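Understanding the architecture of this molecule
Spelled out, the chains give:
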Protein chains: 2
Amino acid sequence: MDLLKQRIRSEGRVIGTDILKVDSFLNHQVDPVLMQKIGQEFASLFADQGITKVVTIESSGIAPALLTGLYLNVPVIFAKKTESRNLDTETYHAAVHSFTRGGEYIIRVSKRYLTADDTVLFIDDFLARGRALLGLLEIAEQAGARVAGAGVVIEKGFQDGGSLIRNMGIRVESLAIIKAMSEEGTKISFDEQTN
Amino acid sequence: MDLLKQRIRSEGRVIGTDILKVDSFLNHQVDPVLMQKIGQEFASLFADQGITKVVTIESSGIAPALLTGLYLNVPVIFAKKTESRNLDTETYHAAVHSFTRGGEYIIRVSKRYLTADDTVLFIDDFLARGRALLGLLEIAEQAGARVAGAGVVIEKGFQDGGSLIRNMGIRVESLAIIKAMSEEGTKISFDEQTN
């Protein structure tokens, strides 16, 4: 997606060798018009898959997931990361290892909203080591739901998450795949085979 | 907003005297079409206010805020609740007391994205005791930004947050104000003066 790659090139900030900050349009400040185009793109890529639910993880996945759900005309579920007394006690849950924060967190989806009748599309902002998607796959398996695939806004192609998930037979569509990046002068190069 | 009140009546679940669960369309599973209508409504209510940024708190505020930002054609900022090594160190921050979880949490907004040139509209899913809005007001004050007001999806009119914030001279537009609710038979009554 050229528009996205342009925004990453002009606004992305590389820190060290593996952190890409895009918090001017995706992770902290969000550009709703860009999210709309991203949602339309994912909806178009998975239009013929009979998707009944879009599933993401709070918080940064919510914006692209919401607009994908809008254009697929299906509900969006955001898996919760924290225990809240407002969440149902009957949940599917999975442990996710976070390389960014260190340690593990638990994601939860209420059993009310995901069943064996569902076909799900996962949406997330980043794909790096793939651990968040593995957690979502575990939740879909617990629910007995069919997985149509995953839509990822930015994939770090130099990390192993993409091949890990694709080797499981899961369709992954990434709108921008970063081949390499460097802090020096914020150089970012893309795999040009992406949408 | 009649459509919203209908959804609260048909899907809301009351627990005890003060918890209203609307996680089938707002807090966990989200209905993107309803969020679109909510975004259009807030955008229309605040259309003439020269808003430059919509500001909310992760996670449940993101969906209505994103679509409000889309129809106002301005960026949306979600204040972060957790420290992440991906967030700028230069932040505005405020402590928010949570009655739902007990204890305090810190909300943060990067100084990059909010300045004295901004006019902000706050969007949140719930207004109960008003502590989240107080935190956002503190952040706007630190930035020197003008506050156009707050758009709230569901206000618990039987709690003191609405009067607290309005008495500070802040315009608050709530799409549904609950006058009273009861667990028994899930009775919910609305203040009919709302939009």
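For clarity, every value in this text was computed on a predicted model and none was experimentally measured.

So, the nonpolar core
- Of all hydrophobic cores here, the largest spans 80 residues; its most connected members are Leu4 and Leu20 of chain A together with Leu4 and Leu20 of chain B.
- Ignoring sequence-local partners within four residues, the contact set of Leu20 of chain A consists of Ile8, Gly12, Arg13, Val14, Phe126, Ile154, Lys156, Ile178, Met181 and Ile188 of chain A.

Let's talk about the pairing of strand S7 (residues 104-110) of chain B
All names here are of chain B.
- Burial runs high along S7: five of the seven residues are buried.
- Sheet analysis places strand S6 (residues 91-97) next to S7, joined by seven bridges and oriented antiparallel. Counterpart to Val96 in the pairing with S7 is Tyr105.
- Here S6 folds back onto S7, and the loop between the two strands holds six residues, one of which, Gly102, carries a positive phi near 80°.

Some words on the packing of aromatic side chains
Residues and elements named next belong to chain B.
- In this structure the tally under the stated criterion is zero aromatic pairs over all chains.
- For the cation-ring pair, Lys81 lies above Tyr105, with the distance from its terminal atom to the ring centre recorded as 4.9 Å.
- One residue, Arg129, lies across the ring of Phe99, its end atom 3.9 Å from the ring centre.

What about the environment of Val152 of chain A?
All names here are of chain A.
- Residue placement: Val152 occurs in strand S9 (residues 146-156).
- On the accessibility criterion, Val152 (1% relative accessible area) is buried.
- With 61 residues separating them in the primary sequence, Val152 and Thr91 have C-alpha atoms 25 Å apart.
- If near-sequence neighbours (up to four positions away) are discounted, Val152 is found in contact with Phe42, Asp124, Asp125, Phe126, Leu127, Val172, Glu173, Ser174 and Leu175.

Points about the interface of chain A and chain B
- Across the boundary between the two partners, chain A contributes 46 residues, which contact 46 residues of chain B.
- The contact between chain A and chain B buries some 3900 Å² in all, and 55% of this surface belongs to carbon and sulfur atoms.
- At the surface where chain A touches chain B, the tally comes to zero salt bridges.
- For the pair chain A and chain B, the interface holds 17 residue pairs in polar contact (both at pLDDT 80 or more).
- Elements with a minimum of two residues in the side of chain A that touches chain B: strand S2 (19-21), strand S3 (29-30), helix H2 (32-45), helix H3 (62-72), strand S5 (76-79) and strand S7 (104-110) of chain A.
- Of the residues assigned to the side of chain A that touches chain B, the class counts are 21 nonpolar, 13 polar and twelve charged.
- As paired strands, S3 of chain A and strand S5 (residues 76-79) of chain B are joined by two bridges and run antiparallel to one another. Pairing of Val30 of chain A across the sheet is with Val76 of chain B, part of S5 of chain B.

Topic: the sheet that holds S9 of chain A
- Pairing in this open sheet of seven strands is mixed, and the strands run S11(A)-S10(A)-S9(A)-S8(A)-S4(A)-S5(A)-S3(B) from one edge to the other. The sheet is open, and its two edges are formed by strand S11 (187-190) of chain A together with strand S3 (29-30) of chain B, each paired on a single side.
- Against the sheet, H2 of chain A contacts strand S8 (119-127), S9 and strand S10 (172-182) of chain A, and its axis sits at roughly 125° relative to S10 of chain A.
- In the packing of helix H4 (residues 131-143) of chain A onto the sheet, contacts are made with strand S4 (53-57), S5, S8 and S9 of chain A, and the angle to S8 of chain A comes to roughly 165°.

So, how was this worked out
Residues numbered from 1 in each chain as written. Chains lettered and ligands numbered in written order. Predicted model: local features only at pLDDT ≥ 70, side-chain atom pairs only at ≥ 80, totals over all residues. Heavy atoms only, no water. Core = buried A, V, L, I, M, F, W, Y, C linked by side-chain atoms within 4.5 Å. Buried < 20%, exposed > 50% of the residue type's maximum accessible area, 1.4 Å probe, protein only. Contact = heavy atoms within 4.5 Å. Helix = DSSP H or I, 4+ residues; strand = E, 2+ residues; numbered from the N terminus. Pairing = 2+ DSSP bridges. Phe/Tyr/Trp six-rings, centres within 6.5 Å; stacked < 30°, edge-to-face > 60°. Lys NZ or Arg CZ within 6 Å of the ring centre and 35° of its normal. Buried area = accessible area lost by both parts, 1.4 Å probe. Salt bridge = Lys/Arg side-chain N within 4 Å of Asp/Glu carboxyl O. Polar contact = N/O pair within 3.5 Å; in protein donor to acceptor, adjacent residues only side chain to side chain. Nonpolar A, V, L, I, M, F, W, Y, C, P; charged D, E, K, R; others polar. Axes fitted to C-alpha atoms, helices over the stretch in contact; angles between N-to-C directions.

On their own, these measurements won't tell you what the molecule is for.
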